[in-house]
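# A structural walkthrough
The residues making up each chain are set out below.
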Amino acid sequence: MVGRNSKAVSDDMKKIIFLSIFIFTFISTSVFSKNDLYEKIDLFGEVLENIKKEYVDDVNQAEMMDSAINGLLQSLDPYSAYMSPELFKEMQTDTSGEFGGLGIEIGMEAGVVKVISPIDDTPAERAGIKAGDYIVKIGKEQVQGKSLMEAVKLMRGPIGTSIDLTVRRKNVKKPLEFKIIRKIIEVQSVSSKIISEEKNIGYIRLKSFNENSDNQFLKSVKKFEKNRKIKGYVIDLRNNPGGLLTQAINITDFFLDDGEIVSTKGRKISETRKFFARKGDEIKGKPIVVLINNGSASASEIFAGALKDHKRAIILGENSYGKGSVQSIIPLRNGGGMRLTISKYYLPSGKSISEVGVTPDILVEEVGNDFKINSEKDNQLNYAIKLFNS
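Residues numbered from 1 in each chain as written. Predicted model: local features only at pLDDT ≥ 70, side-chain atom pairs only at ≥ 80, totals over all residues. Heavy atoms only, no water.

### Some details on the overall build of the chain
Note the following rule: Runs of E in the DSSP output that reach at least two residues are strands. Runs of H or I that reach at least four are helices, and both are numbered from the N terminus. Relative accessible area decides the class of each residue, using a 1.4 Å probe on protein chains only: under 20% of the type maximum gives buried, over 50% gives exposed, and in between gives partly exposed. Using the Shrake-Rupley algorithm and a 1.4 Å probe, accessible areas are obtained, with residue cover drawn only from the displayed protein chains.
Looking only at helices and strands, the chain features ten helices and 19 strands. Per-residue burial over the chain gives 44% buried out of 390 residues. In the structure as shown, the chain presents an accessible area of about 21100 Å², 52% of it carried by carbon and sulfur atoms.

The following block contains the structure:
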């Protein structure tokens, strides 16, 4: 066995003490008695000792502690995770002009990376990645057992370089392989046009809730409102992974006269808030159909859920993703960080979005292998147009 210097041993001991304190704090909120708590901490120490003595290979104790801490956080929910000092520094670095992305929003489910949504007009979307796909291999690396942040790190790389993703898809027996070229991801969050043969429906595609999305969105609405033929709107939130809470509130407010939009509830008073609409409906009560699918998450679910609860819109498509929580990045003393869920979103009805999502009023699933959003093969959009003209 290779000897270790005293500083490394000291660092490992600090991690063990930190983890023991973390476990103590975590478990003390549960129904365990003090004796049960101490037994669990003793058991953890016993497991560590046995690994050190008996495991077939020599192990890096520092990495083992990182894995234990990350496992503790990931046991809470799919979005909480630990970042080592190296990974935390990389995540904070401005990599504009140096690194490219694929254009997907991802989460963890059962230890595997799940695609929440491929963003429109990005390398991942053009390659054929779909919401709900499970990424099982990144290049030659198996994803099982890796943290979400580690998976993100593997997918990042220099602009113009390629990466191979192996995915599992619902109702497809064999794994699918995709080669994707990394690019700088620039999302134009709002696009719009007039649709239907009668040219009387305003179609607005909202791809994400970015800093300026509300201004772009309102500009499209005001342009349509000058057209006297417009009798209603289709708001397309499919494959919209979400974004800023403030933007979700502002855009929802365009269509409501009053009432609650969303509330957040956390353990701290500062994380428990309610947000309400201001008076004034920008489209003066015209009918709205909102399109959602499994790739509609977070801020998209706030928008769709609020309009559904207020009976202001018909929600059409498939059940949304179910990401109704807020994460905070907390720096740690070792130079690393932790991503921790600090509050959850609740709709005006009081229902939680987390793991449930928003159920459409009219269920219309994607049909055909040649299905493409906002095309002639888009059966969901075609159904929405028929609703207006029926």
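From this point, the narrative continues.
### What about the pairing of strand β15 (residues 288-292)?
Short version of the rule: When DSSP locates at least two bridges between a pair of strands, those strands are taken to pair. Classification remark: right-handed applies to a crossover when, strands pointing away from the viewer, the course from the first strand over the helix to the second runs clockwise.
Extensive coverage of β15 is indicated by the burial of five of its five residues. Taking every second residue as pointing to the same face, both faces of β15 are buried, with Ile288, Val290 and Ile292 on one and Val289 and Leu291 on the other. Inspection of the sheet shows strand β12 (residues 232-236) paired to β15 by four bridges, in the parallel sense. The residue of β15 that forms the bridge with aspartate 236 is leucine 291. On the question of chirality, the crossover connecting β15 to the parallel strand β16 (residues 314-317) by way of helix α9 (residues 299-309) is right-handed.

### Some words on a negative patch on the surface
This is how the line gets drawn: Note that patches include only residues with greater than 30% relative accessible area and no salt bridge, and the join distances are 9 Å for like charges and 5 Å for nonpolar side chains (Val, Leu, Ile, Met, Phe, Trp, Tyr). Basic side-chain nitrogens of Lys or Arg form a salt bridge, by our definition, when they fall within 4 Å of a carboxyl oxygen of Asp or Glu. Counted as positive: Lys and Arg. Counted as negative: Asp and Glu. His and the chain ends are not counted at all. Charge positions come from single atoms, namely NZ of Lys, CZ of Arg, CG of Asp or CD of Glu.
Negative charge collects at one region of the surface, where Asp36, Glu39, Asp42 and Glu46 lie side by side. With respect to the helices and strands, glutamate 46 occurs in helix α2 (residues 34-54). With a relative accessible area of 47%, glutamate 46 lands in the partly exposed category.

### Observations concerning the sheet that holds strand β19 (residues 362-363)
Heads up, the condition is: It only takes one pair of heavy atoms within 4.5 Å for two residues to be counted as in contact. Structural elements are reduced to axes, namely lines fitted to C-alpha atoms, with helices fitted over the stretch in contact, and the angle between N-to-C directions of any two is expressed from 0 to 180 degrees.
Pairing within the open sheet is mixed, and its six strands lie in the order β10-β11-β12-β15-β16-β19. The sheet is open, and its two edges are formed by β10 (190-195) and β19, each paired on a single side. Two elements, β15 and β16, share four bridges in a ladder whose sense is parallel. Pairing of leucine 291 across the sheet is with leucine 316, part of β16. Contacts from α9 reach β12, β15 and β16 within the one sheet, and its direction differs from that of β15 by about 140°.

### Let's talk about the pairing of strand β14 (residues 273-276)
Where strand β13 (residues 260-266) lies against β14, four bridges are found, and the strand directions are antiparallel. If you follow serine 263 over to β14, its bridge partner there is lysine 274. If you look at the hairpin formed by β13 and β14, you'll find six residues sitting between the two strands.

### Focus: the environment of lysine 130
Counting through the fold element by element, lysine 130 comes out in the loop between α5 (123-127) and β5 (134-138). Counting along the chain gives 14 residues from lysine 130 to isoleucine 116, while the straight-line C-alpha distance between them is 8.5 Å. Those residues in contact with lysine 130, other than ones at most four positions away along the chain, are Val115, Pro118, Arg169 and Glu366.

### Quick word on the nonpolar core
The test is simple: The criterion is simple. A nonpolar core is a set of buried Ala, Val, Leu, Ile, Met, Phe, Trp, Tyr and Cys residues joined through side-chain atoms within 4.5 Å.
With 38 residues, the main nonpolar core has Phe217, Ile235, Leu237, Phe255, Val290 and Phe303 as its most contacted residues. In terms of residues, this core owes the most to one element, α9, which gives six residues. Contacts of valine 290, omitting those with residues within four sequence positions, involve Ile235, Leu237, Phe303, Ala304, Leu307, Ala313, Ile314, Ile315 and Leu316. Judged by nonpolar contacts, the second largest core, of 19 residues, contains Ile129, Ile138, Leu148 and Leu165.

### Considering unusual backbone geometry
At asparagine 171, a position not held by glycine, the phi torsion is positive, near 70°. Here asparagine 171 is to be found in the loop between β8 (162-168) and β9 (176-181). Residue classification places asparagine 171 among the exposed residues on the basis of a relative accessible area of 76%. Even without being glycine, asparagine 239 reaches a positive phi, approximately 60°. Along the chain, asparagine 239 falls in the loop between β12 and α8 (245-253).

### Things to note about the packing of aromatic side chains
Basically, it comes down to this: By convention, a stacked pair of Phe, Tyr or Trp rings (six-membered ring in the case of Trp) has centres within 6.5 Å and planes under 30 degrees apart, an edge-to-face pair has planes over 60 apart, and any other such pair is tilted.
The final tally for this structure, using the stated rule, is four aromatic pairs. Centroid distance phenylalanine 217 to phenylalanine 254: 6.1 Å. Interplanar angle 25°. Geometry classified as stacked. One end of the pair, phenylalanine 217, is in helix α7 (residues 213-225); the other, phenylalanine 254, is in the loop between α8 and β13, with 37 residues separating them in the sequence. Here the two residues phenylalanine 217 and phenylalanine 254 agree in accessibility, since each one is buried.

### Notes on α7
Counted only if it meets this: Expected helix span is taken as 1.5 Å per residue step, with the number of steps being one fewer than the number of residues. The arc in question is the one spanned by the directions pointing from the helix axis to the C-beta atoms.
Spanning 13 residues, α7 covers 18 Å between terminal C-alpha atoms, matching the ideal 18 Å at 1.5 Å per step. Along α7, the residues that are buried comprise Ser213, Asp214, Phe217, Leu218, Ser220, Val221 and Phe224. The buried residues of α7 occupy one face: seen down the axis, they fall within an arc of 160°. Exposed residues on α7 whose side chains face more than 90 degrees from its buried face are Lys219 and Lys223. At its buried positions, α7 is contacted by β10, β11 (201-206), β12 and α8.

### Focus: the environment of valine 143
With respect to the helices and strands, the residue valine 143 is situated in the loop between β6 (141-142) and α6 (148-155). Beyond its immediate sequence surroundings of up to four residues, valine 143 is in contact with Gly111, Val113, Ile135, Val136, Lys137 and Ile138.

### Describing the side chain of aspartate 120
As for its position among the elements, aspartate 120 is in the loop between β4 (112-118) and α5. Excluding residues within four positions of it along the chain, aspartate 120 makes contact with Glu125, Arg205, Lys207 and Asn239.

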